Amino acid sequence: MNTQQIFDFRSDTVTHPTEEMLKEIVKAPLGDDVYGDDETVNLLEAKTAELMGKEGALFVPSGTMGNLIAVLAHTTPGQEVILEESCHIYLYEVAGIARIAGVQAKPIKGKDGMILAKDIEGAIRQENIHFPETGLICLENTHNMAGGVVLPLEEMRKVYELAKIKEIPLHIDGARIINAAHHLKVDVKEITQYADSVMFCLSKGLSAPIGSMLVGTKDFIKKARKLRKMLGGGMRQVGIIAAAGLVALRDHSQWMEEDHLNAKKLAFGLNLIDGVRVNLDKVHTNILMADISETGFNAYDLVNRMSEKGLLVNPRNERLIRFVTHRGINNRDVEAAIKIVKEILA
Ligand code: TLP
């Protein structure tokens, strides 16, 4: 029998529900959410709107669907969406915004995941018979591919002010926005104030098994609810999973602090290994990118070697490997991960 222990740093999406979540799932009052009858979902949506400082909230099955609904609600086909060139919506959502929303992405280069107001201003389309209209600006916070970094609030304010002047809506893919608020030690509303709509995931750093939330004005949510139905996301007795989401919102501080600390410890330990480089200043939350180019390994090969020893991670490209900490990872797992990488590279 294979008794090898598995250390799963692939993503914070791999967590299983807490005991408390399982208990609440069993007790949750249910109803048909397409009729608006599910009390547990209604409570989750009300609490989320309050938490995020917006008029309304909508429970959606995934972050990808939440982002797509936001793009569909804010834009009309043929418009252009300004976003950062390595953001999730552009790289990892199967071109849904092009295929389903019928909009064209206008990716622009960011620095540590942030696209600056002056660069956005240059990318906004002027009136010209040849040009599409700019219909939406998207930011991602925390920024996944930039290594879980948190966008500076001051830069976000500048982008939002520009968006208001130009009358272009601003959406935040905030899959891990609560991690961002933890890092900044601010109320999450300090971040969401700079957006017309925000999507965040219950199923990532918050450790719920399924689900994401979309927030915005009452009118936006009304439109979003119908779009969710169109996409097949009307989910009936979905209080079953909303119950876990409510516990996630209540309890996440218990482990999020530790997740961020574990990412820092892991970064520090990996950085001491010959040929492995992690920029410690950029480890803000629960994600880190390790540059292994000086080890002589290709990241894809190294990731395969790691998985043979029970250490699961995702390569980002030939030289970068992403590690993500989460509720299922403790201090000992961090030490084990460092040891495995050391052994392979020895
Ligand atoms: N990210 C996943 C993978 O898809 C890469 C991960 O493991 O990090 N926005 C951001 C910033 C995300 O990181 C993700 C998922 C999503 C949206 C999509 O969420 P889901 O997976 O719920 O559709």
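Undergrad: Looking at this structure, I do not really get the domain arrangement of the protein. What am I missing?
TA: The figure often quoted for interface size is the accessible area lost as the parts come together. Taken as a whole, the protein is organised into domain 1 (19-251) and domain 2 (253-345). Computed from C-alpha coordinates alone, the two centres of domain 1 and domain 2 are separated by 28 Å. Contact residues are listed per partner, giving 20 residues for domain 1 and 16 residues for domain 2. Around 1,800 Å² of area is buried between domain 1 and domain 2 when both sides are counted, 50% of it from carbon and sulfur atoms. The tally of links from domain 1 across to domain 2 stands at one salt bridge. If you look at where domain 1 meets domain 2, you find twelve residue pairs in polar contact (both at pLDDT 80 or more).

Undergrad: I keep staring at the sheet that holds strand β8 (residues 212-216) and nothing clicks. Help me out?
TA: Pairing between the strands of a sheet is mediated by backbone hydrogen bonds and can be parallel or antiparallel. As summarised here, the arrangement of the seven strands in space is β2-β8-β7-β6-β5-β3-β4, forming an open sheet in which the pairing is mixed. On the outer flanks of this sheet lie β2 (56-60) and β4 (104-108), each paired with one strand and no other. Strand-to-strand, the axes of this sheet are offset by a mean angle of 20 degrees, without reference to chain direction. Two elements, strand β6 (residues 170-173) and strand β7 (residues 197-201), share three bridges in a ladder whose sense is parallel. In the strand pairing of β7, His171 is matched with Ser197.

Undergrad: Sorry, what's going on with a nonpolar patch on the surface here?
TA: Together, Tyr90, Leu91 and Tyr92 give the surface a local cluster of nonpolar side chains, amounting to about 280 Å² of exposed area. Locating Leu91 in the fold gives a position in helix α4 (residues 88-91). For Leu91, a relative accessible area of 39% translates into the label partly exposed.

Undergrad: Sorry, what's going on with the pattern of salt bridges here?
TA: Two side chains with opposite charge may pair up if their charged atoms get near one another. Evaluation of the coordinates by the stated rule reveals 21 salt bridges. With its nearest N and O atoms 3.0 Å apart, the salt bridge here joins Arg225 to Glu45. One end of the pair, Arg225, is in helix α10 (residues 218-230); the other, Glu45, is in helix α2 (residues 39-52), and 180 residues separate them in sequence. The class of Arg225 is partly exposed, set by a relative accessible area of 32%. Lys111 is paired through a salt bridge with Asp112; the nearest N and O atoms lie 3.7 Å apart. By relative accessible area, Lys111 is classed as exposed at 61%. Sharing partners across several salt bridges, the network here consists of Glu20, Lys23, Arg250 and Asp251.

Undergrad: Explain the pairing of β2 to me, please; I cannot follow it from the model alone.
TA: Along a regular strand, successive side chains alternate from one face of the sheet to the other. In terms of burial, β2 is a largely internal element, five of the five residues being buried. Of the two faces of β2, the one holding Gly56, Leu58 and Val60 and the one holding Ala57 and Phe59 are both buried throughout.

Undergrad: Looking at this model, I keep getting lost on the packing of helix α3 (residues 63-74) against α10. Mind explaining?
TA: A pair of packed helices is characterised by two quantities: the angle between their axes and the separation of those axes. Here α3 crosses α10 at 120 degrees, and the two axes come no closer than 9 Å. Between α3 and α10, the crossing angle belongs to the class labelled oblique. Seen from above, α3 lies across α10 with right-handed handedness. Only Phe220, Lys223, Ala224, Leu227, Arg228 and Met230 of α10 make contact with α3, whose side of the interface consists of Met65, Ile69, Ala70, Leu72, Ala73 and His74. Looking at the contact of α3 with α10 residue by residue, the class counts come to nine nonpolar, one polar and two charged.

Undergrad: Mind showing me how you'd approach unusual backbone geometry here?
TA: The omega angle of the peptide bond from Asn141 to Thr142 is 5 degrees, so this bond is cis rather than trans. For Val94, which is not glycine, the phi dihedral falls at a positive 55 degrees. Its place among the elements puts Val94 in the loop between α4 and α5 (96-99). Taking relative accessible area as the criterion, Val94 reaches 75% and is therefore assigned exposed. Positioned with a positive phi, Glu167 is a non-glycine residue whose angle comes to about 55 degrees.

Undergrad: When you look at the nonpolar core in this model, what are you seeing that I'm missing?
TA: Generally speaking, nonpolar side chains in soluble globular proteins are found buried as a group. Counting residues in each nonpolar core, the largest one holds 52 residues, and the members touching the most others are Phe59, Ile120, Leu170, Ile177, Phe200 and Leu202. With residues near it in sequence (within four places) discarded, Ile177 still touches Met52, Asn141, Thr142, Ile172, Val188, Ile191, Thr192, Val198 and Phe200. In this structure, Phe7, Ala263, Leu266 and Leu302 belong to the second largest nonpolar core, which totals 29 residues.

Undergrad: Sorry if this is basic, but what is going on with the sheet that holds strand β12 (residues 320-324) here?
TA: Read across the open sheet, the three strands follow the order β9-β12-β11; overall the sheet is antiparallel. Edge positions in the open sheet fall to β9 (287-291) and β11 (314-315), since each of these has one partner strand only. As defined by bridge partners, β11 adjoins β12 across two bridges and the pair is classed as antiparallel. In the sheet register, Asn314 faces β12, and the bridge partner there is Arg322. Contacts between helix α12 (residues 253-271) and the sheet are confined to β9 and β12, with β9 contributing the most and set at about 10 degrees to the helix. Most of the contacts of helix α13 (residues 299-308) go to β12, to which it runs at about 40 degrees, and overall it touches β11 and β12.

The rules behind each value
- Residues numbered from 1 in each chain as written.
- Predicted model: local features only at pLDDT ≥ 70, side-chain atom pairs only at ≥ 80, totals over all residues.
- Heavy atoms only, no water.
- Domains from an automatic or database assignment.
- Contact = heavy atoms within 4.5 Å.
- Buried area = accessible area lost by both parts, 1.4 Å probe.
- Salt bridge = Lys/Arg side-chain N within 4 Å of Asp/Glu carboxyl O.
- Polar contact = N/O pair within 3.5 Å; in protein donor to acceptor, adjacent residues only side chain to side chain.
- Pairing = 2+ DSSP bridges.
- Helix = DSSP H or I, 4+ residues; strand = E, 2+ residues; numbered from the N terminus.
- Axes fitted to C-alpha atoms, helices over the stretch in contact; angles between N-to-C directions.
- Patch = residues over 30% accessible without salt bridge, like charges linked within 9 Å, V, L, I, M, F, W, Y side chains within 5 Å.
- Areas by Shrake-Rupley, 256 points an atom, 1.4 Å probe, with all protein chains shown as cover.
- Buried < 20%, exposed > 50% of the residue type's maximum accessible area, 1.4 Å probe, protein only.
- Parallel < 35°, antiparallel > 145°, perpendicular 65-115°, else oblique.
- Left-handed = near helix turned anticlockwise from the far one by under 90°.
- Nonpolar A, V, L, I, M, F, W, Y, C, P; charged D, E, K, R; others polar.
- Core = buried A, V, L, I, M, F, W, Y, C linked by side-chain atoms within 4.5 Å.

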